[in-house]
Amino acid sequence: MSERMLPTQFGDLEPFAATWCLATEPERWAQRLRSSMEELQTFYDAFFPRAEAAIAYCDGFPLDDLPADAERLLQLLHSLLMVSYAVEVWKQPEVIHCGSARIDRILEPRP
Amino acid sequence: MTRFPRPAEGTWTEHHPELGTGPVSFEDSTSPAFYERERAAIFERAWLNVGRVEQLPRNGSYFTKNLPGLRTSVIVARNPDGRVRAFHNVCRHRGNKLVWEGTPRDETCGRARQFVCKYHGWRYDLDGACTYVHQPGEFFDLPEDGLGLAPIHSDIFAGFIFVNLARELRQTLRDYLGPMVGALEGYPFDAMTERYSFRAENDSNWKVFIDAFQEYYHVPPLHTHQLGPTPEAQNPEYEFEGAHYQLDGPHRLVTTSGTHKHHWPAEHLYPAEALTRSGSTGPWDAPDLGETLPGVNPSGISRWGIDNFQVFPNLEILIYERGWFVTYRYWPTSHNTHVFEGDLHFVPAKNARERLAHEYAALTFKEYGLQDCGTLDGTQMGLEQGAFDSFFLNDQEILVRHFHKTVGEWVDAFDRAQPGSPKR
């Protein structure tokens, strides 16, 4: 974890980068389900107040030509939204009343 | 008390007296024998959506589509003249599956001048004609013509590609879709090329899942959290009412109305909704789609929210007032299993902020969709238990009533038309 993953002004979020800079929804979904609520809450609390600034930073570049660190910041924002459902809505990693159901996202735009 | 005008009869259901108002049997969703009849009567005769023209961007583009439960893989290709055609994905020589990558069970897409069978190297052009036979001199009486792929009827409506597995068509696609769905011709579906695709294998009859998505009566009790973050908002006794219901032949429509999320007070929003300006009714900031939008909100309801078109048998098109659309397809694989396909379509995001608004809408679809899927298991089990012969449907469930009646009519009509049928 010596190498910087995120833009320098978001250096305080580096501790979350290795876990949550994930390019696809299936990876983010799996990471949410294997995390504890405490871990999800910690990530959410650290990042949510900075999210608006992070979006504005990413919007400083064309979406199809993001520098690598900005693209990882955008991935982190995707993960924040993934985690927000657990923290804000369900108060648990899993969807309430989802039984044994699963829905797989098989195609999504990139980045 | 009703919030929206209803027909002169007082209810939507009684406006269609042929539907009746009595309890309805769901034996059509639990019987293996009925499943077999349904496949022959409906899925091998109705027009079925297999994709969108945007999946074939150039001449030579193709994709394969598995039709789960129908033992059929289709090649859909745009030929050198730009015409879209469909074929059985089967080599004429020894019946090998012609186009696949990865495993023969996977779907694939790409661009080609010809299709080459992996087994013995026979080749076909994009019009399905056989262009090469390996060692033709070794064969006996190989016909000059007739070595091409087996064509499948196909046609396009508003960019939706449909196929029909019947040998002889009974109706053109346009006649089949009728005036209500047909009015969508010209809606700018083609502007919404950014796609999120989902797939689920569910342990229920296909109709049981369609039923869940053709009424909103279930939303407050099942999706209580969707109503907002506060205990006051999460009222499972909230009374939902569809603003407009419409039937047209085998097809159905429910239109919703309500205060759009972007007008809700902040305390009724989840923080991530406010951050992304998005949620269960999609992104709040609508793209500019032009002045007129053909076919949507046919009753001209104020504060229009969603048009939910149920295109018989297994396609649902949800068109949102905020300028995006969703399609669901349901493919029966046995009397109590089906494959569900959901696709969300947006005008492509121009920046990260728009991307995140789309992402949050796509997340929301899955989170609440999992509640619907999770409930299905239990519904199928309950129906198969046979504790009750029939079930009560209210006026908000008129589309469920119409759907099962239509399925029954198609199956009965098909049975009557079979040789040897006593009713013929």
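What counts and what doesn't
Residue positions are given per chain, counting from 1 as you read along its sequence in written order. Here chains are named by letter from A upward and ligands by number from 1 upward, in the order in which they appear as written. Given that this is a predicted model, residues contribute local features only at a pLDDT of at least 70 and side-chain atom pairs are listed and counted only at 80 or more, while totals for whole chains, interfaces and linings are drawn from all residues. Secondary structure elements are defined from DSSP: runs of H or I of at least 4 residues count as helices, runs of E of at least 2 residues count as strands, and each element is numbered from the N terminus. Note on method: radius of gyration uses C-alpha positions; expected globular size equals 2.2 Å times residues raised to 0.38. Whether a residue is buried, exposed or partly exposed follows from its count of other C-beta atoms within 10 Å of its own C-beta, namely 20 or more, 12 or fewer, or something in between, respectively; the C-beta atoms are built from the backbone. Our contact criterion uses C-beta atoms placed from the backbone: two residues qualify when those atoms are within 7 Å. Two strands are counted as paired when DSSP detects at least two bridges linking them. Every angle, taken between N-to-C directions, lies between 0 and 180 degrees, and every axis is a line fitted to C-alpha atoms, over only the stretch in contact when it is a helix. Ten residue types, Ala, Val, Leu, Ile, Met, Phe, Trp, Tyr, Cys and Pro, are classed as nonpolar, four, Asp, Glu, Lys and Arg, as charged, and the remainder, Gly among them, as polar. The span you would expect from a helix comes to 1.5 Å times its residue count less one. Fitting axes to the seven residues ending at a residue and to the seven starting there, one defines the bend at that residue as the angle between these axes.

(A) Layout of the overall build of chain B. Looking only at helices and strands, one finds seven helices and 17 strands in chain B. Its C-alpha atoms give chain B a radius of gyration of 23 Å, within 12% of the compact-globule value 22 Å for 424 residues. Seen through its C-alpha atoms, chain B measures out along the principal axes to roughly 80 × 60 × 35 Å. Per-residue burial over chain B gives 40% buried out of 424 residues. By sequence separation, contacts in chain B at least 24 residues apart represent 65% of the contacts at least 6 residues apart.

(B) The arrangement of the overall build of chain A in detail. Of regular secondary structure, chain A possesses five helices and one strand. Secondary structure of chain A in N-to-C order comes out as α-α-α-α-α-β. Relative to the compact-globule value of 13 Å for 111 residues, chain A shows a C-alpha radius of gyration of 14 Å, a close match. Overall, the C-alpha framework of chain A stretches about 40 × 30 × 25 Å when taken along its three principal axes. Looking at chain A as a whole, 37% of its 111 residues are labelled buried.

(C) Spatial organisation of the pairing of strand β2 (residues 61-67) of chain B. Residue and element names in this part refer to chain B. Judged from the three bridges that link them, β2 and strand β5 (residues 109-111) form a sheet pairing that is antiparallel. Of the residues in β5, the one forming a bridge with Ser61 is Arg111. Relative to strand β3 (residues 72-78), β2 runs antiparallel, the two sharing six bridges. Following the sheet pairing, Thr64 is matched in β3 by Ile75.

(D) The arrangement of the sheet that holds strand β9 (residues 151-157) of chain B in detail. Residues and elements named next belong to chain B. Pairing in this open sheet of seven strands is antiparallel, and the strands run β1-β10-β9-β4-β3-β2-β5 from one edge to the other. The two strands at the open ends of the sheet, each matched to only one other strand, are β1 (48-52) and β5. Within this sheet the neighbouring strands show an average axis-to-axis angle of 30 degrees, counted without direction.

(E) Structural context of the sheet that holds strand β16 (residues 324-334) of chain B. An order of β1(A)-β11(B)-β17(B)-β16(B)-β15(B)-β14(B)-β13(B)-β12(B) is seen for the eight strands of this open sheet, with the pairing classed as antiparallel. Two strands close off the open sheet at either side, each with one partner strand: β1 (104-107) of chain A together with β12 (244-248) of chain B. Put simply, the sheet's adjacent strands are angled 20 degrees from each other on average, direction ignored. Examined bridge by bridge, β1 of chain A and strand β11 (residues 194-202) of chain B share three bridges and lie antiparallel to one another. Looking across to β11 of chain B, one finds that Leu107 of chain A is bridged to Ser197 of chain B.

(F) Structural context of the interface of chain A and chain B. Each partner contributes to the interface: chain A provides 30 residues, whereas chain B provides 34 residues. Of all the elements in the fold, those that place two or more residues in the side of chain A that touches chain B are α4 (51-58), α5 (68-90) and β1 of chain A. Among the elements that line the side of chain A that touches chain B, the one with the most residues is α5 of chain A, at nine residues. Considered class by class, the residues forming the side of chain A that touches chain B number 18 nonpolar, five polar and seven charged.

(G) Molecular detail of the environment of His120 of chain B. All names here are of chain B. In this fold, His120 is placed in the loop between β6 (114-116) and β7 (123-125). For His120, a count of 13 C-beta atoms within 10 Å puts it in the partly exposed group. Note: C-alpha distance between His120 and Pro104 (16 residues apart in sequence) is 16 Å. Beyond its immediate sequence surroundings of up to four residues, His120 is in contact with His93, Arg94 and His134.

(H) Molecular detail of α5 of chain A. Counted at 1.5 Å a residue, the expected span for α5 of chain A with its 23 residues is 33 Å, and the 33 Å between its end C-alpha atoms agrees. Along α5 of chain A, the sharpest kink reaches roughly 35 degrees, centred on Val83 of chain A.

(I) Inspection of the environment of Ala183 of chain B at higher detail. All names here are of chain B. Relative to the elements of secondary structure, Ala183 occurs in the loop between α2 (173-182) and β11. In sequence terms Ala183 and Asp125 are 58 residues apart; their C-alpha atoms lie 35 Å from each other. Ignoring sequence-local partners within four residues, the contact set of Ala183 consists of Pro294, Gly295 and Pro298.

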